[in-house]
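Report on the structure
Here's the letter readout for the chains.
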Amino acid sequence: MTLTAPASAETPRLPWRPCAGGNVPAGMECATIEVPVDWARPQGPKVRLDLARLPTTGSTTGRRVGSVLGVPGGPGANGIDDLKHAADDLTELRRRFDLVAYRPRTTVWRESMPASCARAPLALYEPRDRKQYAALAATMARAFAACRADDRTGLFAHLDSLSVARDMDAVRRALGEERLSIMANSYGGVAAAAYIRLFPQRIRAMYVDGVINQTEGWPAAGLVAFRGAEEALTRFGRWCAETPACALHGEDAAEVWRELTRAADRDPIPVTSEQFGAGELTGWRLRSFSFVPDPGPDAANWLTLATAVDRARRGDGSGFAEWVLGNAHVWAMPGMLAMTCGDERGYTGYGQLREHRRQLREVAPSFAGAAFDALGCIGWPEEVANPARPLEVRGVPPVLGVGSLEGDFPWTERFTRMVPGSVTVGYDGPGHVMYLSGRKCPIAHATAYLTELKLPPAGTVCPAE
């Protein structure tokens, strides 16, 4: 049975049923609602959203608090997959809450978009002047137009986070909850901010993990991200100096990587990708896509990176070919970009790009250049539905954030500082989205806060696990 969530009025309680398929946690139940593709036309075409929940294990004792809604990242990630993955680590939270997840409209779009929307018109490149910028914008505009023409769902123009936030509130109504407790991760922070903007009175508590603050604009968010990457590059150099197994041991590994990118600016390295064919490793593509800030388990990521850098400086770029060319194509796919362009992710003009590049040279000189995630959107044909602008937070309860001190802590802290009284807990190690990584200390803080509405002291740090 499917319920339709109207634009107003409360929706009847959902008819939950056991979830079908494999890899389903015991007790997980599923349901479906339909919401308007365009919330400005509530009686128009609908999109179906799948829901899942793990009912509280403490409901028989009368200690149930309500529902916690997980808001996935991506965009395009499936929140139901997140819940399946994290279920075993959220058993304490489940004693007091129903854990609810859903498949956002961005996931529906990603899994069903027309073939033309998944074709990149080019491998993304950095425009060096206004003429190249205009040429890139024109190429992307044509690709967007073809994608929009082939779209039969109507979702192309309605994937912005304000639409996602309205879907979230439709889920709240379908659950029969007066207020929601929210757990948002990564790009889900954009939808969380949109929910604050639209439905502040419907928030009981909000936990954010590794999120981005879109409200201050993507260029500002990019400066934060690349400042962190600059620090991580320094850590990579120190790690290599202390690790004989590093292929660049005995050298300044960070400077070797920088010199590789500078050399590739002058003379791009030809490579061939099995999936994407022949291409080039330019300095900008290497700066955008080759460096990995997270060392990974047993530093496996950095061992691989050092080997790839060592080979690439000798003319063999095969260690980067698939990843770098793959990203250069993915970030030019109109269907993928449609999930972010409505949140004003693109540059507003060449002048803004040039200024952003200047700012990056000051805060992260090793990564100076145009932001790859903003370039593809410069040909976006629709009105920006969710522009960056200050957020009204009066009446919003304090927010708890968590972020890696070696990565996304500054992102998350810039989100939580918008709401007075909020706290961001640092995780003293690498990683992204701690509660999906099974980190016990961050999960314990999230559980205590969502349950009792008590925040840890400012400056709290979780040790690396």
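Residues numbered from 1 in each chain as written. Predicted model: local features only at pLDDT ≥ 70, side-chain atom pairs only at ≥ 80, totals over all residues. Heavy atoms only, no water.

**Description of the confidence of the model for the protein chain**
- Predicted confidence across the protein chain gives a mean pLDDT of 94, with 97% of residues reaching 70 or more.
- Here residues 1-12 is modelled with pLDDT under 50, and outside its nearest four sequence neighbours on either side it reaches 38 contacts, counting other chains as well. (pLDDT = per-residue confidence, 0-100. Contact = heavy atoms within 4.5 Å.)

**Focus on the side chain of arginine 94**
- Relative to the helices and strands, arginine 94 is located in helix H2 (residues 91-94).
- Buried charge without a partner: arginine 94 forms no salt bridge, and the closest opposite charge is aspartate 98, 7.0 Å away.
- Contact partners of arginine 94, with chain neighbours within four places excluded, come to Ala26, Leu54, Pro55, Thr56, Thr57, Gly58 and Leu99. (Helix = DSSP H or I, 4+ residues; strand = E, 2+ residues; numbered from the N terminus. Buried < 20%, exposed > 50% of the residue type's maximum accessible area, 1.4 Å probe, protein only. Lys, Arg positive; Asp, Glu negative; His and termini not counted. Salt bridge = Lys/Arg side-chain N within 4 Å of Asp/Glu carboxyl O.)

**Here's the deal with the pattern of salt bridges**
- A complete count under the given rule lists 33 salt bridges for this structure.
- Note that arginine 148 and glutamate 382 form a salt bridge whose closest N and O atoms lie 2.7 Å from each other. With arginine 148 in helix H4 (residues 130-150) and glutamate 382 in the loop between helix H14 (372-375) and strand E11 (399-404), the pair connects residues that are 234 residues apart, well separated along the chain.
- With relative accessibility at 35%, the residue arginine 148 sits in the partly exposed group.
- The partly exposed category is assigned to glutamate 382, whose relative accessible area is 23%.
- Here glutamate 178 makes a salt bridge to arginine 202, at a shortest N to O gap of 2.8 Å. Linking glutamate 178 in the loop between helix H5 (161-175) and strand E7 (180-185) with arginine 202 in the loop between helix H6 (188-198) and strand E8 (203-209), this pair joins segments that are 24 residues apart in sequence.
- Taking relative accessible area as the criterion, glutamate 178 reaches 57% and is therefore assigned exposed.
- One continuous salt-bridge network, built from bridges that share partners, spans Glu230, Glu255, Arg258, Glu259, Arg262 and Arg266.

**Describing the nonpolar core**
- Trp109 and Phe320 are the most contacted members of the largest nonpolar core, which totals 113 residues.
- Sequence-distant contacts of tryptophan 109, defined by excluding residues within four places in its chain, comprise Pro114, Cys117, Cys147, Asp151, Thr153, Leu155, Phe156, Leu159, Gly335, Ala338 and Met339.
- Judged by nonpolar contacts, the second largest core, of 32 residues, contains Val425, Tyr427, Ile443 and Cys462. (Core = buried A, V, L, I, M, F, W, Y, C linked by side-chain atoms within 4.5 Å.)

**So, the packing of aromatic side chains**
- In this structure the tally under the stated criterion is 19 aromatic pairs.
- Ring centres 5.2 Å apart and planes at 85° place the aromatic pair phenylalanine 144 and tryptophan 380 in the edge-to-face group. With phenylalanine 144 in helix H4 and tryptophan 380 in the loop between H14 and E11, this residue pair connects regions lying 236 residues apart in the sequence. Judged on exposure class, the residue phenylalanine 144 and its partner tryptophan 380 are both buried.
- Between the aromatic rings of phenylalanine 236 and tryptophan 302, the centroid separation amounts to 5.6 Å while the plane-to-plane angle is 75°, which identifies the pairing as edge-to-face. With phenylalanine 236 in helix H7 (residues 218-242) and tryptophan 302 in helix H10 (residues 300-312), the pair connects residues that are 66 residues apart, well separated along the chain.
- Its relative accessible area of 0% is what places phenylalanine 236 among the buried residues.
- Through pairs of rings, three or more aromatic residues link up here, namely Phe226, Phe236, Trp239, Trp257, Phe291, Trp302 and Phe367.
- Its guanidinium or amino end placed over the ring of tryptophan 218, arginine 345 lies 4.4 Å from that ring's centre, counting from NZ or CZ. (Phe/Tyr/Trp six-rings, centres within 6.5 Å; stacked < 30°, edge-to-face > 60°. Lys NZ or Arg CZ within 6 Å of the ring centre and 35° of its normal.)

**Some remarks on the packing of H5 against H6**
- Following both chains from N to C, one finds H5 and H6 inclined at 70°, their axes separated by 8 Å at the closest point. Regarding the angle of H5 to H6, the classification is roughly perpendicular. Contact residues: H5 offers Ser161, Leu162, Val164, Ala165, Arg166, Met168, Asp169 and Arg172, while H6 offers Val190, Ala191, Ala194, Tyr195, Arg197 and Leu198.
- The residue makeup of the contact of H5 with H6, split by class, is nine nonpolar, one polar and four charged. (Axes fitted to C-alpha atoms, helices over the stretch in contact; angles between N-to-C directions. Parallel < 35°, antiparallel > 145°, perpendicular 65-115°, else oblique. Nonpolar A, V, L, I, M, F, W, Y, C, P; charged D, E, K, R; others polar.)

**Side note on helix H3 (residues 105-112)**
- Among all positions of H3, only Arg105, Thr106, Thr107, Val108 and Trp109 are buried.
- Looking at the buried side of H3, the elements it contacts are strand E3 (29-36), strand E4 (46-54), H4, H5 and helix H12 (334-341).

**What about the state of the cysteines?**
- The final tally for this structure, using the stated rule, is five disulfides.
- Bridging cysteine 117 to cysteine 147, the disulfide has an S-S length of 2.0 Å. The disulfide joining cysteine 117 to cysteine 147 has a torsion of about 100° about its S-S bond and is therefore right-handed. With cysteine 117 in the loop between H3 and H4 and cysteine 147 in helix H4, the pair connects residues that are 30 residues apart, well separated along the chain.
- You can call cysteine 147 buried: its relative accessible area is 0%.
- Each disulfide pairs two cysteine sulfurs, and for cysteine 441 the partner residue is cysteine 462, the sulfurs being separated by 2.0 Å. One quick way to see it: the torsion about the S-S bond of cysteine 441 and cysteine 462 is about -70°, and its sign makes the bridge left-handed. In this pair, cysteine 441 sits in helix H16 (residues 440-452) while cysteine 462 sits in strand E13 (residues 461-463), placing the two residues 21 residues apart along the sequence. (Disulfide = S-S within 2.5 Å.)

**Structural notes on the side chain of threonine 460**
- As for its position among the elements, threonine 460 is in the loop between H16 and E13.
- Within the local environment of threonine 460, its side chain forms a polar contact with the backbone oxygen of proline 457, the two atoms lying 2.6 Å apart.
- Sequence-distant contacts of threonine 460, that is, excluding residues within four places in its chain, are made with Thr424, Val425, Gly426 and His445. (Polar contact = N/O pair within 3.5 Å; in protein donor to acceptor, adjacent residues only side chain to side chain.)

**Some thoughts on unusual backbone geometry**
- In this model, glycine 74 is joined to proline 75 through a cis peptide bond whose omega is 0°.
- Even without a glycine there, the phi angle at asparagine 23 is positive, about 55°.
- Relative to the helices and strands, asparagine 23 resides in the loop between strand E2 (17-18) and E3.
- At glutamate 344, a position not held by glycine, the phi torsion is positive, near 60°.
- Checked against the element boundaries, glutamate 344 lands in the loop between H12 and helix H13 (350-363).
- On the basis of relative accessibility, which here comes to 25%, the residue glutamate 344 falls in the partly exposed class.

**Regarding the environment of glutamate 382**
- For the pair glutamate 382 and leucine 49, spaced 333 residues apart in sequence, the C-alpha to C-alpha distance is 24 Å.
- Contacts of glutamate 382, omitting those with residues within four sequence positions, involve Arg148, Phe156 and Ala157.

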